[in-house]
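Tertiary structure, described
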Amino acid sequence: MKRIFVLTGAGISAPSGIQTFRGSDGLWNGYRVEEVATPEAFDANPSMVYDFYNARRSGLFEVQPNAAHRAIARLAKSADVTVVTQNVDDLHERGGASSVVHMHGELRKVRCLDCGEVVLWDTDLTSSDCCPRCQGRMRPDIVWFGEIPYGLDQIEAELRRCDLFLCIGTSGNVYPANDFVSFAKRHGAYAIEFNLESTMISDSFDECVTGDVVETVPEWVSQAESRL
Ligand code: BV8
Ligand code: ZN
């Protein structure tokens, strides 16, 4: 069975109504992501960071997965698919994907600063909320700039063994995700990029499928299903 590594970014959730990072010149409701999504910002101004994530978490309940999310879930029926997303939303899971690696964390989880306990969290998080296990302070379970992404060992193992590397809706701005394609290709994978436009990493791909992911991804999956 073909092994397919799927890396997704904000562009796969954009058609569902979740703002991308750089489409709106990196602003999120007036915040610069790189300035808010950092441990330093959280230390300096925790309520600003809590508000930033509370707004995005509550926004999750107003959006739905789209045809691209559903097509990736369908692909897993005819191939050995690993989905690794940079996104912190839950649209892959709601679109039918069974196991998703959230390398940058998840909006619907929070983590204890003292004992590391991770808790599912669907409401606003404030500094008065405390860890159910040790009463410590909680933070969004999000990987901020300067922090080590989740799942890197599993990601590396899957990059080493995949036959096909699909990269969907990412600008290739953020490391280490933007390095996965060259690592996969060094280990023999064929690489395809799906984006509205060419990106900082387009030259690393064997194929670039230009267009809206809600059209290009389902179309590609329909054609691939008979070949895999
Ligand atoms: C690390 C959670 C060490 C937060 C995120 C200087 C140079 C190079 C690198 C660095 C540097 N200084 C620091 C670094 C490292 C840094 C980094 O890369 N910074 C960048 C900004 C320069 N990285 C880190 O700090 C990472 N950690 O390096 O640790 C290490 C590493 C490995 C091993 C050991 C140690 C941690 C980075 C994680 C940051 N957290 N997310 C939050 O969400 O609030 S990143 C955040 O931004 C997102 O998660 C996402 O990953 C990223 C945005 O990227 P995209 O998903 O690509 O989104 P973007 O808006 O940019 O692009 C959307 C694309 O979709 C566009 O191309 C658009 O055309 C396309 N699109 C839109 N609509 C559609 C579409 N395509 C098709 N159809 C459509 N309809
Ligand atoms: Zn705790």
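Just so you know, these numbers come straight off a predicted model, no measurement behind them. (Residues numbered from 1 in each chain as written. Chains lettered and ligands numbered in written order. Predicted model: local features only at pLDDT ≥ 70, side-chain atom pairs only at ≥ 80, totals over all residues. Heavy atoms only, no water.)

**Section: the overall build of the protein chain**
When its secondary structure is counted, the protein chain shows 9 helices and 11 strands. Scaling as 2.2 N^0.38, a compact globule of 228 residues should have a C-alpha radius of gyration of about 17 Å, and the protein chain matches this with 18 Å. Dimensions of the protein chain along its principal axes, counting C-alpha atoms only, are 55 × 35 × 30 Å. Residues counted as buried form 50% of the 228 residues belonging to the protein chain. Pairs at least 24 apart in sequence give 64% of the contacts found in the protein chain among residues at least 6 apart. Of the accessible surface of the protein chain, which amounts to about 10600 Å², a share of 49% is contributed by carbon and sulfur atoms. (Helix = DSSP H or I, 4+ residues; strand = E, 2+ residues; numbered from the N terminus. Rg over C-alpha atoms; globule rule 2.2 N^0.38 Å. Buried < 20%, exposed > 50% of the residue type's maximum accessible area, 1.4 Å probe, protein only. Contact = heavy atoms within 4.5 Å. Areas by Shrake-Rupley, 256 points an atom, 1.4 Å probe, with all protein chains shown as cover.)

**Structural notes on the site of ligand 1**
Close to ligand 1 lie 38 residues, the nearest being Arg 22, Arg 56, Gly 146, Thr 170 and Ser 171. For ligand 1, a nitrogen atom lies 2.8 Å from a polar atom in the backbone of Val 143. Relative to its unbound accessible area of 1500 Å², ligand 1 is 77% covered by the protein chains. When residues of the shell around ligand 1 are traced back to their parent elements, those giving at least two are helix 1 (10–13) and helix 4 (46–59). (Near = heavy atom within 4 Å. Polar contact = N/O pair within 3.5 Å; in protein donor to acceptor, adjacent residues only side chain to side chain.)

**Remarks on the sheet that holds strand 11 (residues 207–210)**
Judged by pairing direction, the sheet is parallel, and its 6 strands sit side by side in the order 5-4-1-9-10-11 without closing on themselves. The outermost strands of the open sheet, each flanked by one partner alone, are strand 5 (100–102) and strand 11. Strand-to-strand twist in this sheet, taken as the mean axis angle between neighbours without regard to direction, amounts to 20 degrees. Sheet topology places strand 4 (residues 80–85) next to strand 5; 3 bridges connect them, and they run parallel. Across the sheet, residue Val 83 finds its bridge partner in strand 5, namely Val 100. Of the strands in this sheet, strand 1 (3–8), strand 4, strand 5 and strand 9 (164–168) touch helix 7 (residues 152–161), which is tilted by about 130 degrees from strand 1. (Pairing = 2+ DSSP bridges. Axes fitted to C-alpha atoms, helices over the stretch in contact; angles between N-to-C directions.)

**So, the layout of surface pockets**
Each pocket or cavity is described by its volume, and for the largest pocket that value is around 800 Å³. Forming the walls of the largest pocket are 41 residues, and the residues nearest its centre are Ala 10, Phe 21, Arg 22, Thr 170 and Ser 171. Where the lining of the largest pocket is concerned, the elements lending two or more residues are helix 1 and helix 4. Within the lining of the largest pocket, the residues separate by chemical class into 19 nonpolar, 17 polar and 5 charged. A domain-level breakdown of the lining of the largest pocket finds at least three residues from each of domain 1 (1–17 + 65–104 + 149–228) and domain 2 (19–62 + 105–142). (1 Å grid on protein atoms, 1.4 Å probe; cavity = no way out; pocket = protein on both sides within 12 Å on 5 of 7 lines; lining within 4 Å. Points joined across faces, edges and corners; volume = space filled by probe spheres on them. Nonpolar A, V, L, I, M, F, W, Y, C, P; charged D, E, K, R; others polar. Domains from an automatic or database assignment.)

**Overview of the environment of Leu 7**
For Leu 7, the location among the structural elements is in strand 1. The buried category is assigned to Leu 7, whose relative accessible area is 1%. For Leu 7, the residues in contact, after removing those within four places along its chain, are Val 84, Gln 86, Met 103, Phe 165, Leu 166, Cys 167, Ile 168, Ala 177 and Phe 180.

**Digging into the sheet that holds strand 7 (residues 118–120)**
Ordered in space as 7-6-8, the 3 strands form an open sheet in which the pairing is antiparallel. With partners counted over all chains shown, the strands left at the sheet margins are strand 7 and strand 8 (138–142), one partner each. Within the sheet, the average angular offset between the axes of one strand and its neighbour, ignoring direction, is 45 degrees. In this structure, strand 6 (residues 105–112) lies alongside strand 7, joined through 3 bridges in antiparallel fashion. In the strand pairing of strand 7, Lys 109 is matched with Leu 120.

**So, the domain arrangement of the protein chain**
Taken domain by domain, the protein chain consists of domain 1 (1–17 + 65–104 + 149–228) and domain 2 (19–62 + 105–142). If you average the C-alpha positions of domain 1 and of domain 2, the two centres end up 25 Å apart. Between domain 1 and domain 2, the residue contacts involve 17 residues of the former and 13 residues of the latter. Sorting the residues of domain 1 by area buried against domain 2 places Val 88, Asp 90 and Tyr 150 first, and these three jointly supply 43% of that buried surface. For Asp 90, the salt bridge is made with Arg 108, and the minimal N-O distance between the two is 2.5 Å. (Buried area = accessible area lost by both parts, 1.4 Å probe. Salt bridge = Lys/Arg side-chain N within 4 Å of Asp/Glu carboxyl O.)

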